[in-house]
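# Structural description and commentary
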Amino acid sequence: MKITNMELYTVPPRWLFLKVETDEGITGWGEPVIEGRAATVKAAVEELKEYLIGKNPLYIEDHWQVMYRAGFYRGGPILMSAIAGIDQALWDIKGKYYNAPVYELLGGPCRDKLKVYCWIGGDRPDDIQSSAKKKFEEGYRAVKMNGTEEMHYIDSFQKVEAVVNRVAAIREALGYEMDIAVDFHGRVHKTMAKVLAKELEPLRPMFIEEPVLPQNNEALREIANHTSTPIAVGERMFSRWDFKNALTDGYIDIIQPDLSHAGGISECKKIIAMAEAFDVSAAPHCPLGPIALAACVQIDVCTPNVFIQEQSLGIHYNQGSDLLDYLADTKVFEYDNGFIEIPKGPGLGIQVNEEKVKEMAAIGHNWKNPVWRNYDGTVAEW
C-alpha cells in the first residue's frame, strides 16, 4: 500500500482537516492545526507531503522519526502540529486496514467508559452559575472555565476576588456534584498565580490549569508550595522532551498534551506513558474539532493514567459550526452522565462527512485570537 495524495481543508470555525489517500482506497483523516496559525501549519504539511507521497502508510513510527529528525531543526508548535495531523491520519488508515480501532493496535482497552468535561463562560468569564447548572442538567459532571481576564504582573485583589466569587457561585448551586477546573490560561504571572491558587483552594477545584506560561514552569515549584490543588500543564508543550524537565521537577499533577499539537497519537502515547512513571495523570487538551477529539479518545481508551477528556462541543469558539456538523454519524460522541462510550469503529472510530467538509472549506476561515492589553496599555496574555 502506498500514499497517493494528501488534501487539506481549512474549515470553520478555526480548524484544518487532512485527508490522506492510498492506492488501496483506504483513506485516513487528521487534524493538523495551531489555533490562529492554520495557514502556517498547512504549509508545513505541504512540505512534509513531498516525502510521504509513495510511502507505505503503515510504517508510522519510521515516518514520524523522519518528519521529526530529518529536517535538522525540530520541535515547536508548527512542525509538531503538522506531524500530529499526519500521524492521526496514518493511524486512521492502519486501523481501517486491520479493521480495528486504533486503541486495539495500542494494547487494547483498559476502561469501560470515558469521563469528559465541557467549557463554560467564554474568554471573559461570564454567567458562570447558570451555565454550570445547564451543563449539569445536560448530564455533565465536570466543567472548565477561564479564571481571569487580563492580569498584570501585580494586580488588584479585586480581580482575584472576582475569580473566587465565580467558582463559589458554582459550588453554591451544585455543591461537589460538579467538578470545576479553573484555567489560568497562562494569563497570570507568578506572583498573582500564587495568590489565586491559595485563595481558590478552599473551593476545591478539580485542578488549576497553566497557572503560568510553560516558559516559566520553574515557578510551579513556588506555586505548588502555596496550594494542594492539583496543577495541570502541557497544552503548549509539544514533545516528550518538553515534558521531561517538568515531570522531573515533580511539581505537576496532570499533563495535558494536545494530540493535534504534540506530535499526534504516536508521541502523546509516549508522553503520557512517561508521566505514569512519575505518578502523574493526564487530561488531553482538545478545544478543537471532531478528528482531534477522536484521536484523543483512542489514546484515552488504552491509557490507564488518563482520568478525563476535554471536548469542545458548544464551546464559545464554535458558533456557526460545531464538531458534530462534520460527522456522518453523530452518535459516536453522545454523552451519558458526563461519560462517553468506548467507540467500536475501525481507525479513529468516526465517519467524516466529506461533502460537508468540502462545502465549509469553500468558506474557510482566518481565525485569530484577540490582542489584549492591561489597564496601562501594556500587552497582556490572552
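All residue numbers refer to positions counted from 1 along the written sequence of the respective chain. For a predicted model such as this one, the threshold for reporting local features is a pLDDT of at least 70, and the threshold for listing and counting side-chain atom pairs is 80 or more; totals across whole chains, interfaces and linings nevertheless cover every residue. No hydrogens and no water enter the side-chain calculation; it runs on all heavy atoms of the structure.

## Looking at the overall build of the chain
As a reminder of what qualifies: Helix numbers and strand numbers start at the N terminus; a helix is a DSSP run of H or I with at least 4 residues, a strand a run of E with at least 2. C-alpha atoms define the radius of gyration in this analysis, and the globule rule sets the expected value at 2.2 Å times the number of residues to the power 0.38. Think of it in three bands: with a 1.4 Å probe and only protein chains considered, a residue is buried below 20% of the maximum accessible area for its type, exposed above 50%, and partly exposed in between. Only heavy atoms enter the contact rule, under which two residues are in contact if any of them lie within 4.5 Å. What sets the accessible areas is the Shrake-Rupley method with a 1.4 Å probe; for residues, cover comes only from the shown protein chains. When charges are counted, neither His nor the chain ends are considered; positive counts come from Lys and Arg and negative counts from Asp and Glu. A charged residue contributes its charge at one atom only: NZ of Lys, CZ of Arg, CG of Asp or CD of Glu.
Looking only at helices and strands, the chain has twelve helices and 15 strands in total. Its C-alpha radius of gyration of 20 Å places the chain within 12% of the 21 Å reference for a compact globule of 382 residues. Along the first, second and third principal axes, the C-alpha atoms of the chain reach 60 × 45 × 40 Å. When each of the 382 residues of the chain is scored for burial, the buried share is 59%. Considering only contacts in the chain between residues 6 or more positions apart, those separated by 24 or more positions represent 71%. Surface exposure of the chain reaches about 15500 Å², of which carbon and sulfur atoms provide 47%. The average position of the 40 basic charges and that of the 55 acidic charges among the side chains of the chain differ by 2 Å.

## Description of the packing of helix α1 (residues 38–52) against helix α2 (residues 60–69)
Basically, it comes down to this: Axis definition: a line fitted to C-alpha atoms, over the contacting stretch in the case of helices. Angles run 0 to 180 degrees between N-to-C directions. Each angle gets one of four labels, with under 35 degrees taken as roughly parallel, over 145 as roughly antiparallel, 65 to 115 as roughly perpendicular, and the rest as oblique. In a left-handed crossing the near helix is turned counterclockwise from the far helix by less than a right angle, and in a right-handed crossing that turn is clockwise. Under the scheme applied here, ten amino acids are nonpolar (Ala, Val, Leu, Ile, Met, Phe, Trp, Tyr, Cys and Pro), four are charged (Asp, Glu, Lys and Arg), and all others, including Gly, are polar.
Contact pair α1 / α2: the axes reach a minimum separation of 11 Å and the direction vectors enclose 130°. Viewed along their axes, α1 and α2 adopt a mutual orientation that is oblique. Along this stretch, α1 crosses α2, giving a crossing that reads as right-handed. For the pair α1 and α2, contact is made by L48, Y51 and L52 and by D62, H63, V66 and M67, respectively. Classifying every residue of the contact of α1 with α2 by side-chain character gives five nonpolar, one polar and one charged.

## Description of the nonpolar core
For the record, the criterion: Nine residue types can take part in a nonpolar core, namely buried Ala, Val, Leu, Ile, Met, Phe, Trp, Tyr and Cys, and a core is a set of them joined through side-chain atoms within 4.5 Å.
Residues F17, I86, I170, L200, I255, I265 and I350 are the most contacted members of the largest nonpolar core, which totals 115 residues. Among the nonpolar cores identified, the runner-up in size contains nine residues, and A181, F207, I254 and I308 belong to it.

## What about a nonpolar patch on the surface?
Applicable threshold: Candidates for patches are residues over 30% relative accessible area with no salt bridge; among them, like charges are joined within 9 Å and nonpolar side chains (Val, Leu, Ile, Met, Phe, Trp, Tyr) within 5 Å. When a carboxyl oxygen of Asp or Glu lies within 4 Å of a side-chain nitrogen of Lys or Arg, that pair is called a salt bridge.
On the surface, Y97, Y98 and L105 cluster together into a nonpolar patch covering about 280 Å² of accessible area. Residue placement: Y98 occurs in the loop between α3 (77–97) and α4 (102–105).

## Here's the deal with the side chain of R166
Inspection of the secondary structure puts R166 in helix α6 (residues 157–174). With no salt bridge to any partner, buried R166 finds its closest opposite charge in E149, at an N-O distance of 5.4 Å. Not counting the four nearest positions on each side in its chain, R166 is found in contact with P125, I128, M145, G147 and T148.

## Brief notes about the pairing of strand β2 (residues 15–22)
Just so we agree on the cut-off: DSSP-based pairing: two strands are paired if at least 2 bridges between them are found.
Of all the eight residues making up β2, seven are buried; the element is thus mostly covered by neighbouring parts of the structure. As judged from the eight bridges shared by strand β1 (residues 3–11) and β2, these two strands associate in the antiparallel manner. Among the inter-strand pairings, I3 is bridged to a residue of β2, identified as T22. In this structure, the hairpin formed by β1 and β2 is closed by a connection of three residues. As defined by bridge partners, β2 adjoins strand β3 (residues 27–30) across four bridges and the pair is classed as antiparallel.

## Points about the sheet that holds β2
The strand order β1-β2-β3 describes an open sheet built from three strands, whose pairing is antiparallel. Of all the strands in the sheet, the pair left with one neighbour each is β1 and β3. Going across the sheet, the axis of each strand differs from the next one's by a mean of 20°, ignoring polarity. Packed on one face of the sheet, helix α12 (residues 354–361) meets β1, β2 and β3 and runs near 55° to β1.

## Quick word on a negative patch on the surface
Negative charge collects at one region of the surface, where E7, E46, E47 and E50 lie side by side. Counting residues per element, the negative patch draws most heavily on α1, at three residues. Summarising the element assignment, E7 is placed in strand β1. For E7, a relative accessible area of 32% gives the class partly exposed.

Keep in mind that these numbers describe shape and distance, not what the molecule does.
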